[in-house]
Amino acid sequence: MRHQRFARVALALAGEATHDVTHQLCALVVSKNRVLSVGYNQPKTHPISRDTEMQQLHAEMSAVLRCAESVMEGAEVIVVRIKHSGKPGLAKPCGACQGILKRFGVRRVFYTTNSEDAENPEIEELKL
């Protein structure tokens, strides 16, 4: 499954993230089998999250903001989380991120669940 391939790439990138945040998450914006942008949780905010309770920039929002809006329609987002144990963790986007992704034209999000296998992480699909 191609989403697992992208999830493995995102897990490797999340493990290398140097941002000082509680959770190591990485999000990829993908279209036509190409990665358009990469985002990470970051200890800052953005005006787009002004009406939310977010205290940091979530990986999904970071990835979307790095991507031209003109290519977002129909793109998919892959979100992964690495737990302190090094295993994949639940990375389902919060309600605020779901709303922003939908507003940018994303219709499907694939995210990791709690799993023991980093090579073949369990992936769930969320339709927006």
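Anything mentioned here points back to the structure above.
Residues numbered from 1 in each chain as written. Predicted model: local features only at pLDDT ≥ 70, side-chain atom pairs only at ≥ 80, totals over all residues. Heavy atoms only, no water.

Colleague: Looking at this structure, I do not really get the overall build of the protein chain. What am I missing?
Modeller: Across its full length, the protein chain carries 3 helices and 6 strands. Starting at the N terminus and ending at the C terminus, the protein chain contains elements arranged as α-β-β-α-β-β-α-β-β. For the protein chain, buried positions account for 47% of its 128 residues. The long-range share in the protein chain, meaning contacts at least 24 apart out of those at least 6 apart in sequence, stands at 57%. As displayed, the protein chain offers around 6,900 Å² of accessible surface, 45% of which is attributable to carbon and sulfur atoms. (Helix = DSSP H or I, 4+ residues; strand = E, 2+ residues; numbered from the N terminus. Buried < 20%, exposed > 50% of the residue type's maximum accessible area, 1.4 Å probe, protein only. Contact = heavy atoms within 4.5 Å. Areas by Shrake-Rupley, 256 points an atom, 1.4 Å probe, with all protein chains shown as cover.)

Colleague: Would you take a moment to explain the packing of aromatic side chains for this structure?
Modeller: The description of an aromatic ring pair uses the distance of the two centres, along with the angle that the planes make with each other. On inspection of all chains with the given rule, the structure shows 0 aromatic pairs. The ring of F6 carries R5 above its face, with NZ or CZ at 4.7 Å from the centroid. (Phe/Tyr/Trp six-rings, centres within 6.5 Å; stacked < 30°, edge-to-face > 60°. Lys NZ or Arg CZ within 6 Å of the ring centre and 35° of its normal.)

Colleague: What is the right way to read the nonpolar core from this model?
Modeller: What tends to happen in soluble globular proteins is that the nonpolar side chains get buried as a cluster. Counting 22 residues, the largest nonpolar core has V29, M72, V77, V79 and V109 as its most contacted members. Secondary structure elements with two or more residues in this core: β1 (24–31), α2 (59–65), β3 (76–82), α3 (95–103) and β5 (108–112). In terms of residues, this core owes the most to one element, α2, which gives 4 residues. (Core = buried A, V, L, I, M, F, W, Y, C linked by side-chain atoms within 4.5 Å.)

Colleague: I tried to follow the side chain of N41 on my own but got confused; where do I start?
Modeller: On the secondary structure map, N41 appears in the loop between β2 (34–40) and α2. With relative accessibility at 5%, the residue N41 sits in the buried group. A distance of 2.9 Å separates the side chain of N41 from the backbone nitrogen of A59, its partner in a polar contact. (Polar contact = N/O pair within 3.5 Å; in protein donor to acceptor, adjacent residues only side chain to side chain.)

Colleague: Please clarify how α3 should be interpreted in this entry.
Modeller: An α-helical segment advances 3.6 residues per turn. Residues three or four places apart therefore align on the same side. Those residues of α3 that fall on the buried side of the exposure criterion are C97, I100 and L101. Each buried residue of α3 lies within a common arc of 100° when the element is viewed along its axis, so the set occupies one face. Among the exposed residues of α3, those pointing more than 90 degrees away from its buried face are G95 and R103. Summarising the contacts, the buried residues of α3 are in contact with α2, β3 and β5. Trailing α3 by a residue or two, G105 shows a phi angle of about 95°, which is positive. (Arc of directions from axis to C-beta.)

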